[in-house]
Structure formats: structure tokens, C-alpha cells
Amino acid sequence: MKLGGLHYVAGESIRELALKAVFDSAEADVKFTGYTDPVHVEISAGKLKLGSKHYESMGSVRGVVRVGDREIAINGSGWQDHSWGPRRLSSNPAGRWIFAVFGSDLAFSLYVLATAGQTIIFGYVLHNGVVDPIEMAETNFTIDDDGISARGCDAEIWANSGRAWRVTGETIGHAPVGGPGWTGDGVHWWMDGLTRFECGGRIGGGILEVSTLKAPTEAIVDTLRLP
């Protein structure tokens, strides 16, 4: 599939995807390889309305980026997803997301999303080839003085299997993502932080994503008895 300067190519298996991106002064040529088949994740639990279906996978990305005469080799952590169906982004006024990959035997995708007066925790741990759903977690993000950029995390994650992990992270760069809501319910945006993670002495890579409240929720309005 081609769209402007972007060219996507599906691989021989559902775990493979290639992307070539060409811009005026730079280009990227990378290949994603998932460590598992795509995993179904329910993103409309409770009162969240973020789509009808969603799948994702974690893995590795290899390739090259060229900027002018400079060529930079890419060998890092990867994540890809696909969602469809109506999105009510206003149903999720705040949240945290951790995507951390340590290797084909250990990776984390954790969502902690606020909606209608409650916080919903879901996601999974990829552990030795087994997808282990997350049962409970504490992200313990540290937010910078700008009120939106994550400095790091000190997360504790418990899975359905009874296993638990402590994952710490420190961001090394940030970029805002988002735009108008898919259903016309305003502009929604998040801040992603490229992150260096540690878990049990192992080093990994990924992203810390932050969405903070932009306005008081109905529960806050009711508590403060605001007009």
C-alpha cells in the first residue's frame, strides 16, 4: 500500500511488515518482525469506547535512516497495531501506557486508562512465548514540570499467571501525538517519550505515553459542585 511518501509491504507471515518513508531531505527503510502473532486487546472495556476491535504485537525493528549524506543503522524495539470501529476519545480523558521490549522472551504492553470515574487496567506480558494477560499494575509515572512529559516510571505489574515484575524507565526524548477525534468530539493528544527500561538487570527499549486531564470530569464537577 502506498500513501504519499509512505510505502507499506506485508511480509510472508502475519508477523512481518516493511515500511519505506521518503521525505524531501530524509528517508527510512525499516522492517518489523513480531515476536508473536498479533494479540487481540479489548480497548472498549467498561465505559471506554475506543473502537470495535484492536490487535497489536511487539517485536524488533531493523533497517536504516538516511538524512542527507548521513546513514543511521536502526536496530531496536518495535510495536505495531491496528484498530477499527467508532472511537469516542472523550471516553478516555486521561491515561498511561507502557510499551517495553527486552527481547523475544520478555515484553510488556500495559494500559491504565481513566473513564467515567474509574480506572481500567489491561494489557499483557509476553513471557517465554506465552501471552500472559495483566491483572493489576501501578505505573508510578514521574511527570516533568511541563505537566505532560514523562520523565520515567517505576512500575509494578502482576499477570494472571501470578508472576510479577518491576519495570523502571527513563525517557530520552519526547514527541506529541494525536489530533481531532475520529468522531468529531474535539482534539485529543498525548505525549510519547522514547524510553530506556530496566527489568531484573536487563535493558530494554520502548515508549511511555501520557494523557492528562484537560478539563474536570463529571465526577470532579459533582464533587466540587461546579456549575
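Note: the structure precedes this text.
Values in this document were obtained by computation on a predicted structure and should not be read as measured data.

K.L.:
Could you clarify how one ought to interpret the nonpolar core in this entry?
P.N.:
Burial of nonpolar side chains together is a common tendency in soluble globular proteins. Counting residues in hydrophobic clusters, the biggest one holds 24 residues, and the most contacted among them are Ile 98, Phe 102, Phe 108, Ile 157, Trp 165, Val 167 and Phe 197. Taken together, the elements giving at least two residues each to this core come down to β8 (94-103), β9 (106-115), β11 (130-138), β13 (150-159), β14 (164-180), β15 (187-199) and β16 (202-211). In terms of residue count, the dominant contributor to this core is β13 (5 residues). Setting aside residues no more than four positions away along its own chain, Val 167 makes contact with Phe 102, Phe 108, Cys 153, Asp 154, Ala 155, Ile 157, Phe 197, Glu 198 and Cys 199. Val 41, Trp 97, Phe 99 and Ala 107 belong to the second-largest nonpolar core, a separate cluster that totals 18 residues.

K.L.:
Any chance you could explain the side chain of Ser 83 here in plain terms?
P.N.:
One can find Ser 83 in strand β7 (residues 70-84). Only 3.2 Å separates the side chain of Ser 83 from the side chain of Arg 87, close enough to count as a polar contact.

K.L.:
Before we go on, may I ask you to explain a nonpolar patch on the surface in this structure?
P.N.:
Together, Leu 213, Ile 220, Leu 224 and Leu 226 make up a nonpolar patch on the protein surface, roughly 330 Å² of accessible area in all. Considering the arrangement of structural elements, one finds Ile 220 in helix α1 (residues 218-224).

K.L.:
Can you help me understand unusual backbone geometry in this one?
P.N.:
Peptide bonds are trans in most cases, and residues, glycine excluded, mostly fall at negative phi. Non-glycine residue Asn 128 carries a positive phi angle of around 50 degrees. Judged by its relative accessible area of 54%, Asn 128 falls in the exposed class. Its identity is not glycine, yet Asn 140 carries a phi of approximately 50 degrees, on the positive side. Assignment of secondary structure puts Asn 140 in the loop between β11 and β12 (141-143). On the basis of relative accessibility, which here comes to 40%, the residue Asn 140 falls in the partly exposed class.

K.L.:
Even after reading the chapter, I still don't get the pattern of salt bridges, so can you show me in this structure?
P.N.:
Side chains that differ in sign of charge can pair as their charged atoms come close. All told, the structure shown has 8 salt bridges when counted by the stated rule. As a salt-bridge pair, Arg 66 and Glu 71 come within 3.0 Å of each other at their nearest N and O atoms. Residue classification places Arg 66 among the partly exposed residues on the basis of a relative accessible area of 29%. The exposure class assigned to Glu 71 is exposed, which follows from its relative accessible area of 54%. Connected via shared salt-bridge partners are Glu 27, Arg 66 and Glu 71.

K.L.:
Mind showing me how you'd approach the side chain of Asp 132 here?
P.N.:
Mapped onto the elements, Asp 132 comes out in strand β11. Among the polar contacts listed, one links the side chain of Asp 132 to the side chain of Ser 161, at a separation of 2.3 Å. Setting aside anything within four residues of it in sequence, one finds Asp 132 in contact with Tyr 124, Val 125, Ala 159, Asn 160, Ser 161, Arg 163 and Trp 165.

K.L.:
For this particular structure, what's the right way to read the packing of aromatic side chains?
P.N.:
For any pair of aromatic rings, the description consists of the separation of the ring centres together with the inter-plane angle of the planes. Scanning the model with the defined rule gives 8 aromatic pairs in all. Each ring, one from Trp 97 and one from Tyr 111, has its centre 5.9 Å from the other, and the planes form 25 degrees; the classification is stacked. A residue pair is termed long-range when its members are at least 10 positions apart, and Trp 97 in strand β8 and Tyr 111 in strand β9 qualify at 14 residues. The burial state of Trp 97 is the same as that of Tyr 111; both residues are buried. Considering the side-chain rings of Tyr 111 and Phe 122, the 4.9 Å spacing of their centres and the 10 degrees angle between planes classify their relative orientation as stacked. Of this pair, Tyr 111 sits in strand β9 while Phe 122 sits in strand β10 (residues 118-127); the two residues are 11 residues apart in sequence, bridging distant segments of the chain.

K.L.:
Got a minute to help me understand the pairing of β9 in this structure?
P.N.:
Side chains on a regular strand alternate between the two faces of the sheet. Of all 10 residues in β9, 9 are buried, a share of seventy percent or more. Note: β8 against β9, 9 bridges, orientation antiparallel. In the sheet register, Phe 99 faces β9, and the bridge partner there is Ser 109. Linking β8 back to β9 in an antiparallel pair, the connection comprises 2 residues. The pairing of β9 with β10 spans 10 bridges and is classified as antiparallel.

Cut-offs used in this document
Residues numbered from 1 in each chain as written. Predicted model: local features only at pLDDT ≥ 70, side-chain atom pairs only at ≥ 80, totals over all residues. Heavy atoms only, no water. Core = buried A, V, L, I, M, F, W, Y, C linked by side-chain atoms within 4.5 Å. Buried < 20%, exposed > 50% of the residue type's maximum accessible area, 1.4 Å probe, protein only. Helix = DSSP H or I, 4+ residues; strand = E, 2+ residues; numbered from the N terminus. Contact = heavy atoms within 4.5 Å. Polar contact = N/O pair within 3.5 Å; in protein donor to acceptor, adjacent residues only side chain to side chain. Patch = residues over 30% accessible without salt bridge, like charges linked within 9 Å, V, L, I, M, F, W, Y side chains within 5 Å. Areas by Shrake-Rupley, 256 points an atom, 1.4 Å probe, with all protein chains shown as cover. Salt bridge = Lys/Arg side-chain N within 4 Å of Asp/Glu carboxyl O. Phe/Tyr/Trp six-rings, centres within 6.5 Å; stacked < 30°, edge-to-face > 60°. Pairing = 2+ DSSP bridges.

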